[in-house]
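# Structural features, examined
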Amino acid sequence: MDRVRTRGVQFSDQAQLTLWMLGLLVVVFVVLSIVQPAFLTQGNLRNVINQNSVLIIVSLPVTMLMITGNFDLSIGGVIGMGGVLAAWFCQSVVQGGAGLPYWVAVILALLATTAIGWLNGFLVTRLGVASVIATLGTMSIARGIAYIGASGSMVELGLPRVFRFFGTTEIAGFFSLSMIFMIVAILVFFFIQSQTVFGQKIYLIGANMKAAQLSGVSVRKQINTLYIVSGFVSGFAGILLASRLGAGDCKVGLEYEFNAVVAIILGGTSLYGGRGSVIGTVIGVFIIGMIANTLNMFGANTAWQPIIKGLVIVGAILFQRYAMGLKDRRKLRLE
Amino acid sequence: MDPILQIQNLTKKYPGVLALDNVSFDIERGSVHCLLGENGAGKSTLIKILTGAQVRTDGMILMNRKPIDAHTTKEARELGISTLFQELNIVDQLTVEENLSLGMEPMKFGFFTKNTELERMVGALKHMEPSIDPKQLVSKLSVAKKQMVEIVKAVETKAEVIIMDEPTAALSEGETKRLFEIIDQLKQNSVTVIYISHRLEEVFDIGDSVTVLRDGCHIATKKISEVESKAELIRMILGKTVVETYTPRAVDRTTPFIEARNISNDKLNDVSFDIYKGEIAGFYGLVGAGKTELANVLFGLDAYKGNLRINGAEARYASASEAVENGITLAPEERRSQGLFTMLSIRKNIVSMNMKKISKNGIINASAIKRVSGEYVERLNVATDTDEKEVGFLSGGNQQKVVFAKCLNSEADIFLLDEPTRGVDVGAKEEIHNIIKQLADEGRTCLVFSSELPEVLSCCDRIFLMHEGELMTIIDNALDIDGDEIIHIVAGGDA
């Protein structure tokens, strides 16, 4: 049979999907700019980036876990727990806190959230619990710890002044610290994903776990590491959000796991592992973030947003299946 | 002659594969008809077509001299063809009685009504095996008893033909005997049994006639009384035992490289051998002889009792990654599900087993990946226009070459090659055999685990004959080797 060469530059499936999504981002951007002129102002765009920076940070390790074929639904609870613990550890003793220096509080909070990540890894790789169930359980545990630490509401009185440092510092009058952290995190995770052995192994595990194991990949170690990183990063995100709020609120981080999964899938990461990219996830977060932002400006009832998010996730999966199906059919014809 | 089933010119094509090629034979009413063949010979395809799970491409099936055309297993059952699958078709969470009544549940106004048919079935089951309580949960029953429940169900729903797919695979000796008694009873009630098994002794025990398939073709249908010996059956199953050509190779046999002493686990029994550096050792035996299990032990996947030394040092690896680090590599039997990342590119597959070679301090070097991959694609002659193509789109032979490239790139000293040419066409087979010889010439030690005699005869220096987990004997390969003698040994005869 004749072999037909694809004309022009060849992209891998992954790159192609990311390009599609980038295209979609541009289209959404242009449409929103036209229908809502207030969208395209420097202040608003900064707002969109700043508001979504924390979601992007926590979604990056979760993206890698999903490429290996594992979920992490605990991040929302862990964010709440990290913020509340950081606040409680440095809250003055008079107000019922532990009265420790802020930097000690931050380290202790991060240790606690990292431990949740370790527990996720243990449940999934050692005890063989399905990752959705295991991390759903630890999400609830982490949220429970946040409720206990904040006595069901907030840790806000008797916090040191430095507690607000992460959330209020600005650089060059434009960048918030969380935006800086977001940029650094994107660069680091993109580097790990595309330039390191660790990153390559993530794809091997997701593509075929048994074959990865037989090829000498330490599958357990790899997945454990990712869960631990995810626990650490979510805890850090919780500390950022608490600092922005000036209090450790036990309800902070609700639905982050859901928003993260929506954005990750929208960004082209396969639910079954083996395919995906952190850049895709960044695009996914911004598509949803920009739509939500514009809806807000139109004064749309906040109740509509979950419905739209739901439609976006189902639509995105159907679209991807269609796009990949098209490609596979084309390839088969070429065989 | 009173055939219940007549299979005429049956053909089944899958994309790129001819699974059944113009197969014709008759099955006598009330007989036990054995179906034999290696994995991939076409047995399961034939069964799937008979039971409506697959649609034939061409040909006809006559039942009671009338053409039949089942499109679902339910239709096949209504025609009177029932199947006892290896994975029994029985619901563990229900009671015996509920399982028997599944699919017939007579209802009135949405309520179950009293069921005389069920009572008859329960009676029949009591008659066959009094120890089964109909109110008992099926999950509590042994495999043998579950089979009986299925058999009763098949017989009482007026099955004229019952297909049994390796029914004794999980049975003890006593249970097997009991099953054979039941099969005898079925025969007396003129039920026809199509019997599939890898255990050739059983064919002589209960078979009336036998059909052998090989590579999708019908080889022979014979009465058991006309079959001379087990060896004759094996010859039919495996095909002609003509050797490609074995060229004797010089192997330095002063110090052994791999020393195995009394290796035992639940699948292996007291296996001991020495293998020398640069040698090609062929482990030959039928399905279930313990070849894959031995490979698993060497690769750190299965635990074992006994002593294993490689290059003088004790080799007891806790995991595959430890084995890989110690210079062992495995090309697994199940290529697609265990050996390859079919959704990833050829390039990524080739470098997957040795990331150190393409990285420095954990950071990968894209041009090194390209170079390494290109080198092996060329060396092994993988037919593809670009090494960025997904492996899933390659043919079986080319996929196996990618597996070999992956193993080669690991720069291992010991190559464990489990069924290296299964599902590979003839041309690619010879190429792969040449690659193995090259590897050995470079001083690497190759262990070939194969159920194809021509394969071990054509490329292995010594042949290790295995039967039911035991190493029977080791033969030096030579041009005048007696294939029949080997077949006699792996079938369980004296060495």
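Residues numbered from 1 in each chain as written. Chains lettered and ligands numbered in written order. Predicted model: local features only at pLDDT ≥ 70, side-chain atom pairs only at ≥ 80, totals over all residues. Heavy atoms only, no water.

## Quick look at the overall build of chain A
Condition: Secondary structure elements are defined from DSSP: runs of H or I of at least 4 residues count as helices, runs of E of at least 2 residues count as strands, and each element is numbered from the N terminus. Every radius of gyration here is taken over C-alpha atoms, with the globule rule written as 2.2 Å times N^0.38, N being the number of residues. For every residue, the accessible area (1.4 Å probe, protein chains only) is compared with the maximum for its type, and the residue is labelled buried under 20%, exposed over 50%, or partly exposed between those bounds. Per-residue and other accessible areas were derived by the Shrake-Rupley procedure at a 1.4 Å probe size, with only the shown protein chains allowed to occlude residues.
Assigned secondary structure in chain A consists of 13 helices and four strands. Its C-alpha radius of gyration of 21 Å places chain A within 12% of the 20 Å reference for a compact globule of 335 residues. Taking the principal axes of its C-alpha atoms as reference, chain A extends roughly 80 × 55 × 35 Å. Residues counted as buried form 52% of the 335 residues belonging to chain A. Of the roughly 15200 Å² of accessible surface on chain A, a fraction of 69% belongs to carbon and sulfur atoms.

## Here we look at the packing of aromatic side chains
All names here are of chain A. Just so we agree on the cut-off: Side-chain rings of Phe, Tyr and Trp (the six-membered ring for Trp) are treated as a pair once their centres are within 6.5 Å; stacked means planes under 30 degrees apart, edge-to-face means over 60, and tilted covers the remaining angles.
Counted under the stated rule, the structure contains 14 aromatic pairs over all chains. Aromatic pair tyrosine 102 and phenylalanine 163: ring centres 5.6 Å apart, planes at 70°, arrangement edge-to-face. With tyrosine 102 in helix H4 (residues 102–126) and phenylalanine 163 in the loop between strand E1 (154–155) and helix H6 (165–168), this residue pair connects regions lying 61 residues apart in the sequence. Residue classification places tyrosine 102 among the buried positions, given a relative accessible area of 10%. Ring centres of tryptophan 118 and phenylalanine 122 lie 5.4 Å apart, and the angle between their planes is 15°; this geometry places the pair in the stacked category. With tryptophan 118 and phenylalanine 122 both in helix H4 and four residues apart, the pair spans about one turn of that helix.

## Quick notes on the nonpolar core
Put simply, the rule reads: The set of buried Ala, Val, Leu, Ile, Met, Phe, Trp, Tyr and Cys residues whose side-chain atoms join them within 4.5 Å is what this entry labels a nonpolar core. Only heavy atoms enter the contact rule, under which two residues are in contact if any of them lie within 4.5 Å.
One finds Ile258, Phe273, Phe283, Phe299 and Leu447 of chain B to be the most contacted residues of the largest nonpolar core, which totals 227 residues. With twelve residues, helix H2 (residues 42–67) of chain A is the single largest residue contributor to this core. Ignoring any residue separated from it by four or fewer positions in sequence, one finds leucine 447 of chain B in contact with Ile258, Ile275, Ala281, Phe283, Leu298, Ile414, Phe415, Leu416 and Leu417 of chain B.

## Concerning the confidence of the model for chain A
The predicted structure's coordinates, where accompanied by low pLDDT, should not be read in detail. All names here are of chain A. Stated precisely, the cut-off is as follows: The quantity known as pLDDT measures the predictor's confidence residue by residue, on a range of 0 to 100.
Across chain A, pLDDT averages 89, with 92% of residues at or above 70. Low pLDDT, under 50, characterises residues 1–10; the predicted model gives this stretch seven contacts beyond four residues in sequence or across chains. Ignoring residues within four places in sequence, the model shows residues 331–335, a span with pLDDT below 50, making nine contacts including any to other chains.

## With respect to the sheet that holds strand E16 (residues 305–310) of chain B
Strand pairing in a sheet relies on backbone hydrogen bonds. The paired strands run either parallel or antiparallel. Residue and element names in this part refer to chain B. Put simply, the rule is: Paired strands, as defined in this entry, are two strands with at least two bridges between them according to DSSP.
Read from one edge of the open sheet, four strands run E14-E13-E16-E17, paired in antiparallel fashion. The outermost strands of the open sheet, each flanked by one partner alone, are strand E14 (271–275) and strand E17 (313–314). Pairing analysis gives five bridges linking strand E13 (residues 258–264) to E16, with the strands arranged antiparallel. Counted as the bridge partner of alanine 260 is leucine 308 from E16.

## Describing the interface of chain A and chain B
To keep it simple, the criterion reads: Buried surface area refers to the total accessible area, computed with a probe of radius 1.4 Å, that the two partners give up upon joining, counted for both partners together. Think of a salt bridge as a Lys or Arg side-chain nitrogen and an Asp or Glu carboxyl oxygen that are within 4 Å of each other. Each residue is assigned to one class: nonpolar for Ala, Val, Leu, Ile, Met, Phe, Trp, Tyr, Cys and Pro, charged for Asp, Glu, Lys and Arg, and polar for all the others, Gly among them.
In this assembly, 30 residues from chain A lie in contact with 29 residues from chain B. Between chain A and chain B the total buried area reaches about 2500 Å² when both faces are included, carbon and sulfur atoms providing 61% of it. The closest approach of N and O atoms between glutamate 390 of chain B and arginine 275 of chain A, which form a salt bridge, is 4.0 Å. Counting only elements with at least two residues in the side of chain A that touches chain B, the list comes to helix H7 (177–195), helix H8 (197–207), helix H9 (209–214) and helix H13 (304–334) of chain A. When residues of the side of chain A that touches chain B are assigned to their parent elements, the largest contribution, six residues, is made by H8 of chain A. Its residues assigned to classes, the side of chain A that touches chain B comprises nine nonpolar, twelve polar and nine charged.

## Some details on empty space enclosed by the protein
Applied cut-off: Cavities and pockets are defined on a 1 Å grid built over the protein atoms alone: a cavity is a set of grid points where a 1.4 Å probe fits but cannot escape, while a pocket is an open set with protein on both sides within 12 Å along at least five of seven lines, and lining residues are those with an atom within 4 Å of any such point. Grid points are joined across faces, edges and corners, and a volume is the space filled by probe spheres set on the points.
Going through the model one piece at a time under the given rule, you end up with four cavities of 30 Å³ or more. Its volume calculated, the largest cavity comes out at about 120 Å³. In terms of lining, the largest cavity is formed by Leu36, Gly37, Glu38, Ser197, His198, Leu200, Ile234, Ile237, Leu238, Leu286 and Val287 of chain B. A total of three residues in the lining of the largest cavity trace back to one element, the largest contributor, which is helix H8 (residues 230–238) of chain B. Taken together, the residues of the lining of the largest cavity break down into seven nonpolar, three polar and one charged. Of the volumes computed, that of the second largest cavity is approximately 80 Å³. What lines the second largest cavity is simply Ile288, Ile291, Ala292, Leu295, Gln305, Ile308, Lys309 and Val312 of chain A.

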